[in-house]
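Structural overview for review
Single-letter residue listing:
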Amino acid sequence: MTMTTQPRHLASYYDVLVVGGGPAGLAAALGARETGAERVLVVDRELEAGGILLQCIHSGFGLRYFREEITGPEYAERSLEQALESHVDVLSDAFVFDVTEDRTVAIMSPTVGVATTTAASVVLAMGARERTRGAIAIPGTRPAGVLTAGLAQKLVNLHGYLPGRRVAILGSGDIGLIMARRLTLEGIDVVGVFELMPHANGLSRNIVQCLDDFDIPLHLSTTVVDIVGHDRVEKVTVAPVDAHLTPQLDRSWDVACDTLLLSVGLIPENELSRQLGVRMDPLTNGPVVTSEMETSVPGVFAAGNVAHINDLADWVSEEALIAGRAAGRRATGQRVPADNIRVLPGRNVASVVPHSISTDRVHTLYLRVKEPMLEDSLIRLGDVHERKVRALVPAEMASIKAAPRLLEDFHGDALRIDAVPAQEVTT
Amino acid sequence: MTTAPVETTTYLCTGCPLGCRLEVDAVEGDIVEIRGFDCRKGERYARQEHLDPRRPVSTTVTIEAGTLPRLPVRTAEAFPKDEVMRLVRQLQAMRVVAPVARGQVVLDDALGSGIDVIATRSMAADPEADAGDAGGDPQRARSSAV
Ligand SMILES: Cc1cc2nc3c(=O)[nH]c(=O)nc-3n(C[C@H](O)[C@H](O)[C@H](O)COP(=O)(O)OP(=O)(O)OC[C@H]3O[C@@H](n4cnc5c(N)ncnc54)[C@H](O)[C@@H]3O)c2cc1C
Ligand code: SF4
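Keep in mind it's a predicted model, so treat the numbers as computed, not measured. Sequence positions are assigned chain by chain, starting from 1 and proceeding in written order. Written order decides the labels, with chains lettered from A and ligands numbered from 1. Thresholds applied to this predicted model are a pLDDT of at least 70 for local features of residues and 80 or more for the giving and counting of side-chain atom pairs; totals over whole chains, interfaces and linings are not thresholded and use all residues. Values reported for side chains reflect all heavy atoms of the structure, with hydrogen atoms and water molecules removed beforehand.

**A look at the overall build of chain A**
Segments assigned H or I by DSSP are reported as helices when at least four residues long, segments assigned E as strands when at least two residues long, and all are numbered from the N terminus. In terms of regular secondary structure, chain A is built from 8 helices and 29 strands. Seen along its three principal axes, the alpha-carbon backbone of chain A occupies a region of about 65 × 65 × 40 Å. The proportion of buried residues among the 427 residues of chain A is 59%. The contact rule is simple, with two residues in contact once any of their heavy atoms fall within 4.5 Å. Contacts in chain A between residues at least 24 apart in sequence constitute 63% of all its contacts with a sequence separation of at least 6. Put simply, chain A shows about 17300 Å² of open surface, and 51% of that area lies on carbon and sulfur atoms. Each residue's exposure class comes from its accessible area (1.4 Å probe, protein chains only) as a fraction of the maximum for that residue type: buried when under 20%, exposed when over 50%, partly exposed otherwise. For the area figures, the Shrake-Rupley method with a 1.4 Å probe applies, and any residue is considered shielded solely by the protein chains shown.

**Describing the sheet that holds strand S12 (residues 189-194) of chain A**
One open sheet holds the 5 strands; their spatial order is S10-S17-S11-S12-S13 (chain A), and the pairing between them is parallel. Of all the strands in the sheet, the pair left with one neighbour each is strand S10 (146-148) and strand S13 (218-219) of chain A. The pairing criterion is simple: DSSP has to find at least two bridges between the two strands.

**Considerations on the sheet that holds strand S23 (residues 349-353) of chain A**
Residue and element names in this part refer to chain A. Taken together, 3 strands build an open sheet; the order of strands is S23-S25-S28 and the sheet is antiparallel. Looking at the sheet topology across the chains shown, the edges are occupied by S23 and strand S28 (398-402). Sheet twist, expressed as the average angle between the axes of neighbouring strands with direction ignored, equals 25 degrees. Where strand S25 (residues 363-369) and S28 come together, 5 bridges link them in antiparallel fashion. Residue pairing for S28: Leu365 is matched across the bridge by Ile400. Note on definitions: angles span 0 to 180 degrees between N-to-C directions of axes, and those axes are lines fitted to C-alpha atoms, for helices only across the stretch in contact.

**A closer look at the interface of chain B and chain A**
The partner chain A presents 41 residues to the 36 residues of chain B that form the contact. Using a 1.4 Å probe, buried area is obtained as the accessible area two parts lose upon being combined, added over both of them. Together, the buried faces of chain B and chain A total about 3300 Å²; carbon and sulfur atoms form 53% of this surface. For the chain B face of the interface with chain A, the top three residues by lost area are Pro17, Leu18 and Arg102 of chain B, together amounting to 17%. Think of a salt bridge as a Lys or Arg side-chain nitrogen and an Asp or Glu carboxyl oxygen that are within 4 Å of each other. Scanning the region where chain B abuts chain A turns up 7 salt bridges. When the shortest N-O distance is used, the salt bridge between Asp213 of chain A and Lys81 of chain B registers 3.6 Å. Polar contacts, as used here, are pairs of N or O atoms within 3.5 Å; protein pairs need one atom able to donate a hydrogen and one able to accept it. Residues neighboring in sequence count only if both atoms are side-chain atoms. Linking chain B with chain A are 13 residue pairs in polar contact (both at pLDDT 80 or more). Breaking the side of chain B that touches chain A down by element, the ones donating at least two residues are strand S5 (58-64), strand S6 (70-75) and helix H2 (84-92) of chain B. In terms of residue count, H2 of chain B provides more of the side of chain B that touches chain A than any other element does, 5 residues in total. Residue composition of the side of chain B that touches chain A, by class: 17 nonpolar, 8 polar and 11 charged. Following the grouping adopted for this structure description, the nonpolar residues are Ala, Val, Leu, Ile, Met, Phe, Trp, Tyr, Cys and Pro, the charged ones are Asp, Glu, Lys and Arg, and the polar ones are all others, Gly among them.

Right, here's the structure in full:
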């Protein structure tokens with residue numbers, strides 16, 4: 001069964017045009033249809049829509065959004081089904097190369113050629129890409145065998161191509177941990193995971209089920225200082241780091257391997273957004289967005305990893321529904337009151353999305369902490385509200401709701417979001 | 001009468017980011033005490049992990065005549081941990097033929113566990129694929145060895 005309907009030609013106008021067909025784009029399109037927007041198009045550059053989840057074959061998705069624990073491909077296919085059932089057009093194998101301020105969208109594809117169309121609302125949902133060696137600057141030669149964990153995931157899970165025989169992994173992000181298990185199941189020797197920070201970056205579930213289950217060592221406060229090899233990686237040199245993250249070269253050792261996987265984080269894919277000139281937030285590396293997920297360019301919205309890195313597809317879908325509904329409302333001439341409170345990251349908060357909220361309705365704020373807080377903690381909404389949480393770690397996004405009744409007594413124009421240890425707060 | 005020694009095993013709780021270190025005391029395999037949990041979820045996890053550890057298993061199988069050479073599959077429910085490698089080896093030797101529907105059983109009653117292995121995506125038959133060709137990818141050194 002081929003899921004994607006492939007429109008043969010492009011209409012000259014859409015109510016809502018969504019760039020990117022991952023969970024964000026598909027949920028945004030669904031949200032737009034819910035508000036009555038008639039003509040909704042999703043454009044994705046891959047042969048099939050679904051986004052990065054098509055290659056994430058492990059389970060752990062969907063508990064929130066589909067009320068059932070499923071794998072990435074299932075999540076992607078169900079999202080696509082939902083969109084198609086609500087009569088969204090999905091054009092795959094089509095690359096969006098320009099979006100202008102008047103929402104003219106330029107597309108290139110084998111079926112429609114090079115064409116432009118206009119939309120009342122555009123939703124940016126291009127996802128994220130992985131940080132590469134260049135982004136973290138490891139010295140050494142440039143042999144074959146150095147690749148990102150996500151690329152390895154794509155090669156193994158979609159194409160059945162095994163990237164090497166002895167693999168070291170730099171970074172303890174979830175994608176790297178998942179790949180440690182995946183490669184081990186395929187019979188590859190995974191010699192170790194090396195993490196610069198004193199704490200793992202992935203979920204404890206992945207530490208247990210992807211490393212401990214297979215006796216794969218995790219070396220914390222350790223990094224790769226050299227990659228050695230002519231045509232192919234022959235070994236990497238690793239060294240412990242001190243409190244300032246400086247490698248202790250006199251204590252370095254060599255690890256024989258033919259492949260180094262990098263699992264050092266994701267960066268929102270915002271070339272189009274920058275080209276368009278939307279205002280960016282240096283903390284999220286994504287556009288500054290209102291509570292409706294609207295960017296600084298009116299009528300252009302952002303959803304999913306393009307706006308800020310999400311670790312869970314479920315969060316992405318939830319947030320994209322909001323963006324899509326707002327895009328649909330705009331296209332159909334419905335209005336909601338504008339935001340009147342700015343939101344700022346405060347103590348131990350690395351970033352918060354959205355960047356502003358209004359006092360007339362309930363909002364969910366998504367945040368990420370800087371340092372792990374392994375104790376009872378509070379997320380505080382200025383001094384008007386707080387939420388108790390068991391623990392907060394950078395690897396897991398957290399959220400807090402802001403409801404109108406909480407903001408009744410708030411008269412400032414900026415609300416600070418703090419993450420503080422519970423016992424520090426005297427009651 | 002001699003008393004059997006108490007054996008202590010530790011587990012890292014995966015229930016939340018706190019990651020409590022759980023300790024299970026057992027005498028001749030019977031749990032006598034569980035420590036280290038901060039909530040009931042952790043206690044339940046320690047018991048399950050000690051008596052009958054299970055894992056969700058995901059991998060891919062060779063698919064012939066599909067739009068891609070591999071089909072992702074998973075166990076319909078968590079599988080006994082000690083049998084995971086054996087299951088994956090058996091799946092590595094399997095071939096299915098496109099088209100396949102999501103949820104379709106590709107291996108029923110895997111290793112006599114009563115648990116099925118199901119496809120996690122639909123895959124159409126590729127009109128251009130040569131059915132005999134799948135899995136013959138020269139880069140896939142392993143597939144001919146099984
Ligand atoms: C390698 C990797 C592994 C991950 N693993 C997990 C996981 O195991 N579990 C989990 O919950 N989350 C995982 N994530 C997080 C994941 O990013 C989110 O769960 C979710 O998939 C993000 O959805 P999205 O729609 O924002 O982006 P994506 O799923 O990345 O979708 C973006 C889509 O936009 C398309 N696109 C981009 N630019 C253009 C353009 N110019 N024109 C047309 N189309 C374009 C892309 O091809 C892609 O299909 C992973 C992320 C990555 C990168
Ligand atoms: S025992 Fe409870 S608090 Fe501790 S890690 Fe497990 S779920 Fe979290």
